[in-house]
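So the chains spell out like this:
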Amino acid sequence: EAGVAQSPRYKIIEKRQSVAFWCNPISGHATLYWYQQILGQGPKLLIQFQNNGVVDDSQLPKDRFSAERLKGVDSTLKIQPAKLEDSAVYLCASSLFSSGTQPYEQYFGPGTRLTVT
Amino acid sequence: SQQGEEDPQALSIQEGENATMNCSYKTSINNLQWYRQNSGRGLVHLILIRSNEREKHSGRLRVTLDTSKKSSSLLITASRAADTASYFCATGLGGSARQLTFGSGTQLTVLP
């Protein structure tokens with residue numbers, strides 16, 4: 001089974017520029033997550049989608065970050081304008097979904113390493 | 001904010017030794033999961049333990065969960081150089097959201 005795909009793998013931009021990341025989850029996974037991982041820290045959830053709807057975006061800096069999952073499959077995360085503190089690895093993950101309370105593991109992509117200079 | 005905190009932050013052992021990492025958390029949970037991250041890669045799921053379970057095994061991995069102390073431990077037996085990675089605990093509150101909150105991780109180095 002194919003894993004979670006992300007592109008690009010690396011991106012270097014100057015502050016105030018814009019950047020977009022793309023994610024293709026595992027086929028059949030209704031839930032998609034975007035995380036930000038700063039060097040030396042654990043991943044921090046930015047936004048969670050259920051199909052094409054947003055479940056939680058409480059930690060997404062909405063003045064500069066946006067994300068969409070229009071057809072309930074692929075997703076893009078955009079930063080505009082970027083700041084120096086946005087330098088991090090951006091991870092996409094997906095998981096199964098059911099209406100019950102059964103927990104599921106998350107499957108992660110390789111991440112996009114963003115450097116803002 | 002990070003719910004889980006791993007201890008120690010860094011651990012260095014010789015190949016063949018056992019490695020134990022601990023995770024403490026603050027609020028009641030539905031489940032706790034451990035993930036491994038090799039340098040420059042995404043996270044890989046290792047094991048999931050539910051709040052009504054006390055111990056779980058998977059190959060060379062053993063996870064314990066003590067909900068009264070709000071803590072968990074991950075034991076890797078007979079470690080190998082390939083086990084060198086960062087290990088994260090992640091707590092899930094359950095419900096329909098099924099979000100995970102990750103700790104800051106333990107960097108494990110296994111010396112050959």
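Preceding block: the structure.
Here the residue numbering is sequential within each chain, running from 1 through the sequence in written order. Just so you know, chain letters begin at A and ligand numbers begin at 1, following the order they were written in. Given that the model is predicted, a residue must reach a pLDDT of at least 70 before its local features are reported, and side-chain atom pairs must reach 80 or more before they are shown or counted; all residues, however, enter totals for whole chains, interfaces and linings. With hydrogens and water set aside, each side-chain value is computed from the structure's full complement of heavy atoms.

*Asks:* How should I be thinking about the overall build of chain A in this particular structure?
*Replies:* For chain A, the count of helices and strands is zero helices and 11 strands. Only DSSP runs of H or I with at least four residues qualify as helices, and only runs of E with at least two residues qualify as strands; both kinds are numbered from the N terminus onward. Going residue by residue from the N terminus, the α and β elements of chain A occur as β-β-β-β-β-β-β-β-β-β-β. A globule of 117 residues ought to have a C-alpha radius of gyration of about 13 Å, and chain A, at 14 Å, matches this closely. Projected onto its principal axes, the C-alpha positions of chain A cover 45 × 30 × 25 Å. For the purpose of counting charges, residues Lys and Arg are taken to be positive, whereas Asp and Glu are taken to be negative. His and the chain ends are not included. The atom standing in for a charge is NZ when the residue is Lys, CZ when it is Arg, CG when it is Asp and CD when it is Glu. Positive and negative side-chain charges in chain A, numbering 12 and 10 respectively, have mean positions lying 6 Å apart. It is over C-alpha atoms that the radius of gyration is taken, and the globule rule equals 2.2 Å times the number of residues to the power 0.38.

*Asks:* Any chance you could explain the pattern of salt bridges here in plain terms?
*Replies:* Any two side chains of opposite charge can pair if their charged atoms end up close together. Within this document, salt bridges are pairs made up of a side-chain nitrogen of Lys or Arg and a carboxyl oxygen of Asp or Glu, the two lying within 4 Å of each other. This model, assessed by the stated rule, comprises five salt bridges over all chains. Between Arg 64 of chain A and Asp 86 of chain A there is a salt bridge; the shortest N-O distance is 2.5 Å. With a gap of 22 residues between them, Arg 64 of chain A in the loop between β6 (53–56) and β7 (65–68) and Asp 86 of chain A in the loop between β8 (75–79) and β9 (88–95) connect regions that are remote in the sequence. Burial classes follow relative accessibility: with a 1.4 Å probe on protein chains only, a residue under 20% of its type's maximum area counts as buried, one over 50% as exposed, and anything between as partly exposed. Overall, the relative accessible area of 10% leaves Arg 64 of chain A in the buried class. With a relative accessible area of 2%, Asp 86 of chain A lands in the buried category. The partner of Arg 62 of chain B in a salt bridge is Glu 55 of chain B, and the shortest N-O contact between them spans 3.2 Å. Exposure remark for Arg 62 of chain B: the relative accessible area of 31% places this residue in the partly exposed category. With relative accessibility at 39%, the residue Glu 55 of chain B sits in the partly exposed group.

*Asks:* So what exactly am I meant to see when it comes to the nonpolar core here?
*Replies:* In globular proteins that are soluble, nonpolar side chains generally tend to be buried together. As used here, the term nonpolar core means buried Ala, Val, Leu, Ile, Met, Phe, Trp, Tyr and Cys residues forming a set that is joined through side-chain atoms within 4.5 Å. In this structure, Leu 32, Trp 34, Leu 74, Ile 76, Tyr 87 and Leu 108 of chain B are the most contacted members of the largest nonpolar core, which totals 22 residues. Elements represented by at least two residues in this core include exactly β2 (10–14), β3 (19–24), β4 (31–37), β5 (43–50), β7 (61–66), β8 (71–76), β9 (85–92) and β11 (106–111) of chain B. What makes two residues a contact is simply this: any of their non-hydrogen atoms within 4.5 Å. The contacts of Leu 74 of chain B, once residues within four sequence positions are left out, are Ala 19, Thr 20, Met 21, Trp 34, Leu 46, Leu 61, Arg 62, Val 63 and Tyr 87 of chain B. Among the nonpolar cores identified, the runner-up in size contains 21 residues, and Ile 13, Trp 34, Cys 92 and Val 116 of chain A belong to it.

*Asks:* Teacher, can you tell me more about the packing of aromatic side chains here?
*Replies:* How two aromatic rings sit relative to each other is given by the distance of their centres and the angle of their planes. Ring pairs are drawn from Phe, Tyr and Trp, using the six-membered ring of Trp, whenever the two centres fall within 6.5 Å, and their geometry is named by plane angle: stacked under 30 degrees, edge-to-face over 60, tilted for the rest. Scanning all chains against the criterion turns up eight aromatic pairs over all chains. Where Phe 108 of chain A meets Tyr 35 of chain B, the ring centres are 5.7 Å apart and the plane angle is 80°; that geometry is what we call edge-to-face. Remark: Tyr 35 of chain B occurs in strand β4 and Phe 108 of chain A occurs in strand β10 (residues 107–108); the pair is interchain, linking two chains. Tyr 35 of chain B carries the same exposure label as Phe 108 of chain A, and that label is buried. Among the aromatic residues, those joined into a cluster by ring pairs are Tyr 33, Tyr 35 and Phe 108 of chain A together with Tyr 35 and Phe 102 of chain B.

*Asks:* Mind showing me how you'd approach the pairing of β8 of chain A here?
*Replies:* Taken residue by residue, a regular strand's side chains alternate between the two faces of the sheet. Residues and elements named next belong to chain A. The alternating pattern of β8 places Ser 75, Leu 77 and Ile 79 on a buried face and Thr 76 and Lys 78 on a face that is not buried. For two strands to be treated as a pair, DSSP must find no fewer than two bridges joining them. In this structure, strand β3 (residues 19–24) lies alongside β8, joined through five bridges in antiparallel fashion. By the bridge assignment, Val 19 is partnered in β8 with Ile 79. As paired strands, β7 and β8 are joined by four bridges and run antiparallel to one another. Within β8, the residue paired with Phe 65 across the bridge is Ile 79. Joining the antiparallel neighbours β7 and β8 is a turn of six residues, in which Gly 72 adopts a positive phi near 75°.

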